[in-house]
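Notes for the structure review
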Amino acid sequence: MLHQKAFLILAFSLVVLHLFSQPTSNSPWGDQGNGTYINPILNADYSDPDVTRVGDDYYMVCSEFHFMGIPVLHSKDLVNWTIIARVYDEFKFAPEYDSNDRYASGSWAPSIRFHDNKFWIYFCTPKEGLFVSTADKPEGPWEPLTQVANIAGWEDPCPFWDENGQGYLGHSKVGAGPIYIHKLSPDGKKLMDDGAIVYTGPVAEGTKIHKLNGYYYLSIPEGGVERGWQTILRSKNIYGPYEKKVVLEKGSTEINGPHQGAWIDLPNGDWWFIHFQSVNSIGRVCHLQPMRWKDDWPEIGVDIDRNGIGEPVYVWKKPNVGKTYSISTPQTSDEFNSAQLGFQWAWNHNPVNSEWSLTQKSGFLQLNALQAASFLKAKNTLTQKVMGPRGEATTLLLADQMKDGQKAGLCLMGKQYNLIGLKKSANKLFVFADINGKSTETPINANKIYLQVKVTSENGGNQFYYSTDNKKFVPFAEAFSVGSGNWKGPKIGLFSYNEKENGGSAAFDWLHYIYEGPQNSLK
């Protein structure tokens, strides 16, 4: 029976592909350049996605946890996305974000909405409570964070404004459930009551609130990150009682835990659902599912086995938005020629802004080394998401201002951290690597070095390299694995710290990152 289901899914996908011309992007995911897409549409750790539409533009936010801060993405067709803003660059509501002691905390499952001619983003942190920021434009500027409620143990908030203007906020509790509904103040910055429990379910979290045809809908993930499903609740009263229906599950597909995300309505009346899938070597990647309505219940994906519950699609026709838009993906490479950091970058915990610069040495990112006992405690580590199943990141590091005790270079961090770079000891430079706690080093007679990491989703297949001429790259240290950790997928990054004392500086000329995916030419 399982083989029959797998055959049906494959056959259905082949039929969809046959209806369109041959793919032009040669990508195993995203826009195929022929009117179709292959899931995931975002093959990177854009976890707990939420999306809102304003006119014919779509805006997405995601969890960043202890990285700063929440990115805002933009799309015209729900398949091709770029990053247009970052909501905040530092989080000053607890000293642990300055001391690098809040791993796995920070922003959990934000929601984005457009109301009263403003964009609103709400999110919780597990220890500091509920926060909101607003902006007139999605590109910002975003107002400084307001702490709406200083209560630990909340997660996954979502605002909703009824036809009469009354605002509400739904959320769950850390550990997943139950689901609470509160009334919001008119300015959206206060809760007007202690909240009412409206639903208790198996790992119920991530609620999104909608209203159509007189029904209030709560769209919630249940069952946990890796193995869950998507549940819909509906009621004629926002406080319930609610009816329940499971609308999306793994079924016979390979898409584990297809849940937690956003409903999106198109101007033409079509509906779509964006959700995540947990992939250990990349993170929580984003899938796009067709969505329909029947008897005032949403149907999501395709019900392959006819059990009344949808299953995720692998390939599908792109949303009908009336136009064809060029293939685009979130930014990766950076020449460091601007006075502003690219939106693809996120600091690990709070940065020390006086100790980094894009203007002190024109055309370079300069990271001054502050004292830290280990990499995880190092300040001003700058990171970006791993994209796709294979990739290659290379950077040029200048070491002429490094000081004794300093380490600087390229990292791939996740559940474990892995480093390659230069260290200065006894006034001499060494190439060093730290692979899951195992250190390797060799002396080098050069003040600049090209560092490279080849990233793969294959277990044990990641490898560091270095070069002095950007032509011949030498593999260094052993190959290694890296997986998701602290709720985040692996991240590529640049670092500079000193194990002895404050002192020394590292200058990065550029970072070039190519990967297997749309618009890229990784061989």
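Residues numbered from 1 in each chain as written. Predicted model: local features only at pLDDT ≥ 70, side-chain atom pairs only at ≥ 80, totals over all residues. Heavy atoms only, no water.

**Some thoughts on the sheet that holds strand 24 (residues 315-317)**
With respect to topology, 3 strands assemble into an open sheet ordered 1-2-24, the strand pairing being antiparallel. Taken across any chain shown, the strands that pair with only one partner, and hence form the sheet edges, are strand 1 (30-31) and strand 24. Across 2 bridges, strand 1 lies against strand 2 (residues 36-38) in antiparallel orientation. What sits directly across from G30, in strand 2, is I38. (Pairing = 2+ DSSP bridges. Helix = DSSP H or I, 4+ residues; strand = E, 2+ residues; numbered from the N terminus.)

**Details of unusual backbone geometry**
Only a minority of non-glycine residues have a phi that is not negative, and only a minority of peptide bonds are not trans. Here the amide bond leading from N39 into P40 is cis, since omega sits at 5 degrees, within 30 degrees of zero. As for its placement among the helices and strands, P40 is situated in the loop between strand 2 and strand 3 (50-54). In the segment running from M68 into G69, the intervening peptide bond is cis, with an omega of -20 degrees. Mapped onto the elements of the fold, G69 is located in the loop between strand 5 (67-68) and strand 6 (71-75). Even without a glycine there, the phi angle at W487 is positive, about 70 degrees.

**Considering the sheet that holds strand 26 (residues 356-357)**
Strands sit in the order 26-27-39-30-35-36-37 across an open sheet of 7 strands; the sheet is antiparallel. Each of the sheet's edge strands pairs with one partner strand only, and the pair in question is strand 26 and strand 37 (474-480). In terms of strand pairing, strand 35 (residues 448-456) meets strand 36 (residues 462-467) through 5 bridges, oriented antiparallel. Each residue of the ladder has a partner; that of Q452, found in strand 36, is Y465.

**Thoughts on the nonpolar core**
The biggest cluster of nonpolar side chains holds 87 residues, and the ones touching the most others in it are V51, L78, W81, I274, L365, I492 and L494. If you tally residues by element for this core, the top one is strand 39 (residues 505-515), at 5 residues. Once residues within four sequence positions are removed from consideration, V51 is found in contact with Y58, Y59, M60, L78, W81, I112, R113, A262, W263, I264 and I274. Of all hydrophobic cores here, the second largest spans 14 residues; its members include F160, Y168, I181 and L233. (Core = buried A, V, L, I, M, F, W, Y, C linked by side-chain atoms within 4.5 Å. Buried < 20%, exposed > 50% of the residue type's maximum accessible area, 1.4 Å probe, protein only. Contact = heavy atoms within 4.5 Å.)

**Describing the confidence of the model for the protein**
Residue-level pLDDT values for the protein average 94, and 95% of them are 70 or greater. Predicted confidence is poor over residues 1-11, with pLDDT under 50, and the contacts of this stretch with residues over four places away or in other chains come to 9 contacts. Low pLDDT, under 50, characterises residues 14-20; the predicted model gives this stretch 9 contacts beyond four residues in sequence or across chains. (pLDDT = per-residue confidence, 0-100.)

**Focus on the pairing of strand 39**
The element strand 39 is largely enclosed, with a buried count of 9 among its 11 residues. In this structure, strand 27 (residues 365-368) lies alongside strand 39, joined through 4 bridges in antiparallel fashion. Bridge assignment links L365 to a residue of strand 39, and that residue is F508.

**Some remarks on empty space enclosed by the protein**
In this approach the atoms are scanned with a rolling probe the size of a water molecule, which exposes any empty space left behind. Scanning all chains against the criterion turns up 3 cavities of 30 Å³ or more. Together, 19 residues line the largest cavity, and Y46, I83, F343, Q344 and K385 are the ones closest to its centre. When residues of the lining of the largest cavity are traced back to their parent elements, those giving at least two are strand 7 (82-86) and strand 29 (382-385). By residue class, the composition of the lining of the largest cavity is 9 nonpolar, 6 polar and 4 charged. (1 Å grid on protein atoms, 1.4 Å probe; cavity = no way out; pocket = protein on both sides within 12 Å on 5 of 7 lines; lining within 4 Å. Points joined across faces, edges and corners; volume = space filled by probe spheres on them. Nonpolar A, V, L, I, M, F, W, Y, C, P; charged D, E, K, R; others polar.)

**What to know about the environment of E222**
Tracing the chain through its elements places E222 in strand 17 (residues 215-222). You can call E222 buried: its relative accessible area is 0%. Considering only alpha carbons, one finds E222 and E205, 17 residues apart in sequence, at a separation of 6.6 Å. If we ignore the near neighbours within four places in the chain, the residues touching E222 are Y199, G201, P202, V203, A204, G228, W229, T231, K244 and H259. One polar contact links E222 to Y199, side chain to side chain, over a distance of 2.7 Å. (Polar contact = N/O pair within 3.5 Å; in protein donor to acceptor, adjacent residues only side chain to side chain.)

**Topic: the pattern of salt bridges**
Evaluation of the coordinates by the stated rule reveals 28 salt bridges. Notably, a salt bridge pairs E64 with K385, separated by 2.6 Å at the nearest N-O pair. With E64 in the loop between strand 4 (57-61) and strand 5 and K385 in strand 29, this pair connects stretches of sequence that are 321 residues apart. In terms of burial, E64 and K385 fall into one category: buried. Across the salt bridge formed by D162 and K211, the nearest N and O atoms sit 3.0 Å from each other. (Salt bridge = Lys/Arg side-chain N within 4 Å of Asp/Glu carboxyl O.)

**Things to note about the packing of aromatic side chains**
A complete count under the given rule lists 34 aromatic pairs for this structure. Ring geometry for Y88 against F91: centres 6.2 Å apart, planes inclined by 50 degrees, an arrangement best described as tilted. By the burial criterion, Y88 is buried, and F91 matches it. Considering the side-chain rings of Y215 and Y217, the 5.9 Å spacing of their centres and the 55 degrees angle between planes classify their relative orientation as tilted. Owing to a relative accessible area of 14%, Y215 belongs among the buried residues under this scheme. A residue is classified by how much of its surface remains accessible, and Y217, at 0% relative accessible area, is buried. The aromatic ring of Y215 is capped on one face by R234, whose charged end is 4.5 Å from the ring centroid. Over the face of the ring belonging to F364 we find K361, whose NZ or CZ atom lies 4.9 Å from the ring centre. (Phe/Tyr/Trp six-rings, centres within 6.5 Å; stacked < 30°, edge-to-face > 60°. Lys NZ or Arg CZ within 6 Å of the ring centre and 35° of its normal.)

**A look at the side chain of N462**
Relative to the helices and strands, N462 resides in strand 36. Since its relative accessible area comes to 1%, N462 is described here as buried. Polar contacts involving the side chain of N462 include one to the main-chain amide nitrogen of T456, which spans 2.9 Å. Once you skip the residues sitting within four places of it in the chain, N462 turns out to touch L412, K454, V455, T456, A479, F480, S481 and V482.

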